[in-house]
Amino acid sequence: VSGEGASSGGTEVWAKVAPDRCVGIGMCMVEAPRGFDFGDDQLSVFQPNSGATEQELIAAADACPSSAISVLRAARQLR
Amino acid sequence: MTDTVKLDGEPDLDDLLSAMAVNSPNDYYTLLRGTAPVYWNQRWNGWIVTGYDEVVAGFRNHTQLSSDRFAGPFGEELSASASDYQQLFSFLSKFFVWKDQPYHTRVRSLVNKAFTPRSVEVLRPRIQELVAELAQPLGDAGEIDFFARFAFTLPVIVIAEYLGVPEDGRDRMRQWAEDLGAVIFVSGHDEDRMRKGDEAMSELADFLRPVVRAKREQPTSDLLSGMAQAEERGDFLSEDEVIANAILMVFAGHETTMNLLANGMVAFSQFPDQWQLLRTTPELADKAIEEVLRFDGPIRAMARWAREPLTIGDQPIAQGDRVLLVQHAANHDPAKFADPDTLDISRWPNRHTAFGQGIHTCLGAPLARLEAQEAFVALANAFPTFDVVEQDHDYVPTVVSRSLKRLHLSFHTS
């Protein structure tokens, strides 16, 4: 999963998009424009080290109509 | 509706409203898909997409495939009648579903928060209460009109309460919704239908305008207040835009859920073992609803048009061409779903296209799922068996929706 590397330091916040749930609605890109972008298949892809804040990523997870986004810091699941 | 058959006895593949297309869609779409998953329909004057991969690709391609009904080939059609039905078109043209980026996403993001799975979850206790109230009197009551007694009533109360629409309009809601549906779902523009749609739109707008104004002055916690306040904050929405999108939600919030509930009952009547399975295994509710959506969802197809030349599957599409993405056909594509014409509530994964995909994916999907889960689980729990009165099912002849003209059921408590 892209972004997992960023978490290896332990403090970086990162997100995962479940590919079997995402249908490409793009609400995450409204809430966290730096944190997510459409990939080749037009589904959402998390952008690691983009400067997206924890608050933005959590807002993106909460706004996802498909409950496809989880947000983690170190091993702790925030959403 | 005519059962168009060519002289050589072959069904007419270009007739989207033949008896076969309307009443036996699986047979019709299988023929179309077998001919070409992206098929040129001379009469509709556009491409009919019936392959799963092709339909999904079409839905996700919002940059090249436009949803704007007031531009391109659909716009030309509409503008011909727009001057005669000004109320209707003024409000229809503000429906955010029929807009492209960036406007679409701006409006959607204003209302999105109210429709996430997390947000609609607060409605579950009220939905359970309503379902119980509506289901209880159905037992051993003989033949009942399933639309009037359940499928219409449940979603219209839920969306009206959620939006904050006063109770006194709810009885008129069904007629308004029917008249609007005839404009929105049925192709062609006959005068009677357009006139009724225009009247329904005016009446709905007159009904909602004072409500929106009151919510703006004294907001409560409902969705209309949220939209009215967005307007207050100068957040893009004019009063007419708020009213138009409230009308959209009143309409979309129950018309489709109503048909989902009715189509689901027909599906379970054809596969009674699955009704028993849901009855004994209510934890299958989530999967069961996805399967009912796949098997016979309320929306058959969605129309788009090509803003620029593109390719779907192997088929080049020219700029300005119409494209019909047939969800019902994608959901029965054997290349994606094993045994597609069998209802299997344990089916998983089940990535159907009943809600569309991409940026226009159904806003109300989490609410529809919640209502359908609670409805089917409660009905299966209360009634071990039920019968369908109609021998043949008669569907409204439209290209884009899958709605029964009537459905009478008798529920048995033992």
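(A) Expanded view of the overall build of chain B. Tallying secondary structure elements over chain B gives 18 helices and ten strands in all. For 414 residues, the compact-globule estimate of 2.2 N^0.38 gives 22 Å, and chain B sits close to it at 21 Å. When the backbone C-alpha atoms are referred to their principal axes, chain B occupies close to 65 × 60 × 40 Å. Expressed as a percentage of contacts within chain B between residues at least 6 apart in sequence, the contacts between residues at least 24 apart total 71%. Accessible surface computed for chain B: about 16600 Å², of which carbon and sulfur atoms make up 49%. Positive and negative side-chain charges of chain B, numbering 39 and 61 respectively, have mean locations separated by a distance of 5 Å.

(B) Representation of the confidence of the model for chain B in the model. Overall, the predicted model of chain B reaches an average pLDDT of 91, with 95% of residues at or above 70. The complex prediction reports pTM at 0.93, with the ipTM value standing at 0.89.

(C) The arrangement of the interface of chain B and chain A in detail. Counting residues at the interface gives 16 residues for chain B, matched by 20 residues for chain A. Both sides of the chain B and chain A interface together cover about 1400 Å² of buried area, and 56% of this is carbon and sulfur. When residues of chain B are sorted by the area they lose upon contact with chain A, R60, R118 and R351 of chain B head the list and together hold 33% of the total. Among the secondary structure elements, those contributing two or more residues to the side of chain B that touches chain A are α6 (103-112) and α7 (117-120) of chain B.

(D) Structural context of the side chain of H62 of chain B. Take H62 of chain B: it is sitting in the loop between α3 (52-60) and β3 (65-66). With sequence-adjacent residues up to four places away left out, H62 of chain B is seen in contact with F38 and Q42 of chain A together with Q101 and I359 of chain B.

(E) Region of interest: the nonpolar core. F146, F150, M265, L324, F376, L379 and F411 of chain B are the most contacted members of the largest nonpolar core, which has 126 residues in total. Looking at this core element by element, the count peaks at 17 residues for helix α14 (residues 239-270) of chain B. For F150 of chain B, the contacting residues outside a window of four places in its chain are V131, L134, A135, L138, P155, L261, A375 and L379 of chain B. One finds A15, V17, L43 and F46 of chain A within the second-largest nonpolar core, a separate group that totals 22 residues.

(F) Geometry of empty space enclosed by the protein. Summed over the entire model, instances satisfying the criterion amount to two cavities of 30 Å³ or more. Roughly 100 Å³ of volume is contained in the largest cavity. Lining of the largest cavity is provided by 15 residues; of these, C22, I25, G26, C28 and C64 of chain A occupy positions nearest its centre. In terms of residue class, the lining of the largest cavity is made up of eleven nonpolar, four polar and no charged. Estimates place the volume of the second largest cavity at around 40 Å³. As for the second largest cavity, its lining consists of L16, A21, Y28, Y29, R300, A301, L324, V326 and V399 of chain B. Looking at the lining of the second largest cavity, the elements that each hand over two or more residues are α2 (25-35) and β8 (322-326) of chain B. Residue classes in the lining of the second largest cavity are distributed as eight nonpolar, no polar and one charged.

(G) Molecular detail of the pairing of strand β5 (residues 301-306) of chain B. Residue and element names in this part refer to chain B. Burial runs high along β5: five of the six residues are buried. In this structure, β5 lies alongside β8, joined through five bridges in antiparallel fashion. Pairing of A301 across the sheet is with V326, part of β8.

(H) How the structure looks around the environment of F89 of chain B. Residue and element names in this part refer to chain B. Relative to the elements of secondary structure, F89 occurs in helix α5 (residues 86-92). F89 sits ten residues away from S79 along the chain, and the two C-alpha atoms are 8.9 Å apart. Not counting residues up to four positions away in its chain, the partners in contact with F89 are F70, L78, S81, A82 and M194.

(I) View of the pairing of strand β1 (residues 13-17) of chain A. All names here are of chain A. Of all five residues that make up β1, four are buried, and the element is covered over most of its length. With five bridges connecting them, β1 and strand β4 (residues 69-73) associate as antiparallel partners. When the sheet's bridge partners are listed, W14 is paired in β4 with L72.

(J) Examining the environment of T342 of chain B more closely. Residues and elements named next belong to chain B. Secondary-structure assignment places T342 in the loop between α17 (327-330) and α18 (365-382). Overall, T342 belongs to the partly exposed group, its relative accessible area being 27%. Sequence spacing of T342 and A267 is 75 residues, and the spatial spacing of their C-alpha atoms is 9.3 Å. Sequence-distant contacts of T342, defined by excluding residues within four places in its chain, comprise F271, E291, R294, F295 and R347.

About the thresholds
- Counting restarts for each chain, with residues numbered from 1 along the sequence as it is written.
- Chain letters and ligand numbers both follow the written order, the letters beginning at A and the numbers at 1.
- In view of the model being predicted, local features appear only for residues whose pLDDT reaches at least 70, and side-chain atom pairs are presented and counted only at 80 or more, with totals across whole chains, interfaces and linings using the full set of residues.
- Side-chain descriptors were evaluated using all non-hydrogen atoms of the structure, hydrogens and water having been removed beforehand.
- Every helix listed is a DSSP run of H or I at least four residues long, and every strand listed is a run of E at least two residues long, numbered separately from the N terminus.
- Atoms counted for the radius of gyration: C-alpha only. Globule rule: 2.2 Å times residue count to the power 0.38.
- Throughout, a contact is declared for two residues whenever any of their heavy atoms are within 4.5 Å.
- Surface accessibility in these figures is a Shrake-Rupley result with a 1.4 Å probe; residues are shielded only by whichever protein chains are displayed.
- Only four residue types enter the tally: Lys and Arg on the positive side, Asp and Glu on the negative side, with His and both chain ends excluded.
- Note that the charge is assigned to NZ on lysines, CZ on arginines, CG on aspartates and CD on glutamates.
- Residue-level confidence of the predictor is what pLDDT reports, using numbers from 0 through 100.
- The buried area of a pairing is the accessible area, by a 1.4 Å probe, that goes missing from both parts when the two are put together, added over both.
- For this analysis, a nonpolar core means a set of buried residues of the types Ala, Val, Leu, Ile, Met, Phe, Trp, Tyr and Cys, connected via side-chain atoms within 4.5 Å.
- Relative accessibility decides the category of a residue: with a 1.4 Å probe and only protein chains considered, values under 20% of the type maximum give buried, values over 50% give exposed, and everything between is partly exposed.
- Points on a 1 Å grid over protein atoms alone make up a cavity when a 1.4 Å probe fits among them but cannot get out, and a pocket when they form an open set with protein on both sides within 12 Å along at least five of seven lines; lining residues each have an atom within 4 Å of a point.
- Grid points are joined across faces, edges and corners, and a volume is the space filled by probe spheres set on the points.
- Under the grouping applied here, Gly and all other residues not named as nonpolar or charged are polar, the nonpolar ones being Ala, Val, Leu, Ile, Met, Phe, Trp, Tyr, Cys and Pro and the charged ones Asp, Glu, Lys and Arg.
- For two strands to be treated as a pair, DSSP must find at least two bridges joining them.

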